[in-house]
Amino acid sequence: KNECEEAFYGKASIQPDIKHSTEEKRYYLLGQTITGRYLFISFTIRNNLIRVISARDQNKKERSIYEKI
């Protein structure tokens, strides 16, 4: 949980996740934790709060995109 929060505070790319936004608007974030872990986080916003749907390590393509920001 803390790692996900950390990814929102540093350099991050947030994009709408159109493919998975059928019932509610979803977004994904490419970010990095304080310890240097690169994360892909899928989330939505409910009642003005961020709700993480899933989190995983970035793949090579995602990391390449993240490093260009």
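Scroll up a little and you will see the structure.
Definitions and limits used
- Within any chain, residue numbers begin from 1 and follow the written order of that chain's sequence.
- Local features in a predicted model are, by the rule used here, given only for residues with pLDDT of at least 70; side-chain atom pairs are given and counted only at 80 or more, and totals for whole chains, interfaces and linings are based on all residues.
- The side-chain quantities take in all heavy atoms of the structure and omit both hydrogens and water.
- The way it works is that DSSP assigns letters per residue, a run of H or I at least four long becomes a helix, a run of E at least two long becomes a strand, and they are numbered from the N terminus.
- Only protein chains enter the accessibility calculation, which uses a 1.4 Å probe; a residue is then buried when its area is under 20% of its type maximum, exposed when over 50%, and partly exposed in between.
- Contacts were defined at the residue level, with two residues in contact if any of their heavy atoms lie within 4.5 Å.
- When DSSP locates at least two bridges between a pair of strands, those strands are taken to pair.
- For helices, the fitted axis covers only the stretch in contact; all axes are lines through C-alpha atoms, and the angles between them, taken along N-to-C directions, range from 0 to 180 degrees.

**Considering the environment of Gln15**
Thought 1: As for its position among the elements, Gln15 is in strand S1 (residues 13–16).
Thought 2: Residue class for Gln15 comes out partly exposed when judged on its relative accessible area of 34%.
Thought 3: Along the backbone, Gln15 and Gly31 are 16 residues apart, and their C-alpha atoms lie at a distance of 12 Å.
Thought 4: What Gln15 contacts, discounting residues up to four positions off in sequence, is Tyr27 and Tyr28.

**Regarding the sheet that holds S1**
Thought 1: With respect to topology, four strands assemble into an open sheet ordered S1-S2-S3-S4, the strand pairing being antiparallel. Edge positions in the sheet fall to S1 and strand S4 (49–57), since each has one partner strand and no second. Averaged over all pairs of adjacent strands, the angle between their axes in this sheet comes to 25°, without regard to strand direction.
Thought 2: The strands touched by helix H1 (residues 2–9) within the sheet are strand S2 (26–32), strand S3 (38–46) and S4, with S3 carrying the most contacts at an inclination of about 90°.
Thought 3: The sheet strands contacting helix H2 (residues 60–67) are S2, S3 and S4, and the helix crosses S2 at an angle near 75°.

Function cannot be inferred from these measures alone, as they are strictly geometric.
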